[in-house]
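Examination of the molecular architecture
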Amino acid sequence: MGFVLRESFWSTENNAPILDLNYGYLAKGECNEYVERASNWIDLCDANKGFEGKVGGKDTSGLLRIFRADAERTFVNEEFRVEMVTLLQKLGGEIGDYHQGMGYIVSFLCLVVSTDDAHKIVLRLTDEEYSQGYFRGVPETFARDAQVFQRLLNNRIPEVGKHLSSSGVVPEAYLSKWVIGLCVHVLPFRCLFEYFEQFLKHGWLFLFKFGIALVETLGTQLLEAKRDVSKMFSYLRLDKSLFPDELKETKEKNTFFDQVLQKAQTIELEKSEIEEMRKEEWKILQERLERVRQREKELDEEDDESDYES
């Protein structure tokens, strides 16, 4: 069962970091509705698809310290930390790598679904329909998609897109919290449930739609920030200090975040067009990485020659 259904959770975790943006949405004795809602997620993304074939194992002992640190930054009670670490070890072994964004997703899922279902859902997210490659320590597919997103901004919101890029506010520096971490620690839980469901239903295309909707909604503030890069990043990372009234507990679905989520569902994007952009940006990225590798090889050879001569 999800952690929030356990008596021990509410006796120790009320002030746990994972609940920073809960704002009373999940509450002791009042979670059944949301747990039942989350029980549909495994079917929403067809998480049983090919699951058995993915289960494998690589040695993750070298990552154990990182898993432990992320669990300690998430939960208070050792019971929940241990379960998070155990699941991260399993997933890390199967994926062969780890990104902190995966830890965010695991911690949120474990609140409302069983660890077994969380395991299946996260593995499903590694497929091409979702977050393929995003959970690696150096996620090249994310770097590719950041460039695609900048192109979309330049095409759809040219004034804002060019303002951001000319100011050095590049997608690789602000997209990861929405795209890799799926807005955990960014959106209030009331909106986070909707975000997860839209992503599980529509896959990676929803991430681009949400991003465009957010930048469109923030367009005026971003332009008025002029060259204040710090302020622009704060807006794009949805710094909660800039949206205090939007985060308080409310049953109204008319906050800034609700409006962005609603707008995201109206954004029209051609999947085939973005797939073509992805191919183009992947080729550019690989060519750039190959030049870096070649230069590093040349420098190593120069160092070897220098050592030999000395």
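Residues numbered from 1 in each chain as written. Predicted model: local features only at pLDDT ≥ 70, side-chain atom pairs only at ≥ 80, totals over all residues. Heavy atoms only, no water.

Observations regarding the environment of Gly133
Here Gly133 lies in the loop between helix 8 (115–125) and helix 9 (140–156). Gly133 gets classed as partly exposed once you look at its relative accessible area, which sits at 24%. Along the chain, Gly133 and Asp97 lie 36 residues apart, while their C-alpha atoms are 9.7 Å from each other. Excluding residues that lie within four positions of it along the chain, Gly133 makes contacts with Pro139 and Thr141. (Helix = DSSP H or I, 4+ residues; strand = E, 2+ residues; numbered from the N terminus. Buried < 20%, exposed > 50% of the residue type's maximum accessible area, 1.4 Å probe, protein only. Contact = heavy atoms within 4.5 Å.)

A few points about the nonpolar core
Formed by 101 residues in total, the largest nonpolar core has its most connected members in Leu26, Leu111 and Trp178. Looking at which element gives the most residues to this core, the answer is helix 13 (residues 204–217), with ten residues. Among all residues touching Leu26, those that are not within four sequence positions of it are Val4, Trp10, Cys31, Tyr34, Leu111, Val112, Phe189 and Phe193. (Core = buried A, V, L, I, M, F, W, Y, C linked by side-chain atoms within 4.5 Å.)

Regarding the layout of surface pockets
Here the largest pocket defines a volume of roughly 280 Å³. In terms of lining, the largest pocket is formed by 13 residues, of which the most central are Glu128, Gln132, Trp204, Glu275 and Arg278. Mapped by element, the contributors of at least two residues to the lining of the largest pocket are helix 9 and helix 18 (271–309). Grouping the amino acids of the lining of the largest pocket by side-chain chemistry returns three nonpolar, three polar and seven charged. (1 Å grid on protein atoms, 1.4 Å probe; cavity = no way out; pocket = protein on both sides within 12 Å on 5 of 7 lines; lining within 4 Å. Points joined across faces, edges and corners; volume = space filled by probe spheres on them. Nonpolar A, V, L, I, M, F, W, Y, C, P; charged D, E, K, R; others polar.)

Side note on the confidence of the model for the protein chain
Residues at a pLDDT of 70 or more form 91% of the protein chain, whose mean pLDDT is 91. Within the protein chain, helix 4 (residues 51–54) has the poorest average pLDDT of any element, 58, and helix 7 (residues 100–112) the best, 98. (pLDDT = per-residue confidence, 0-100.)

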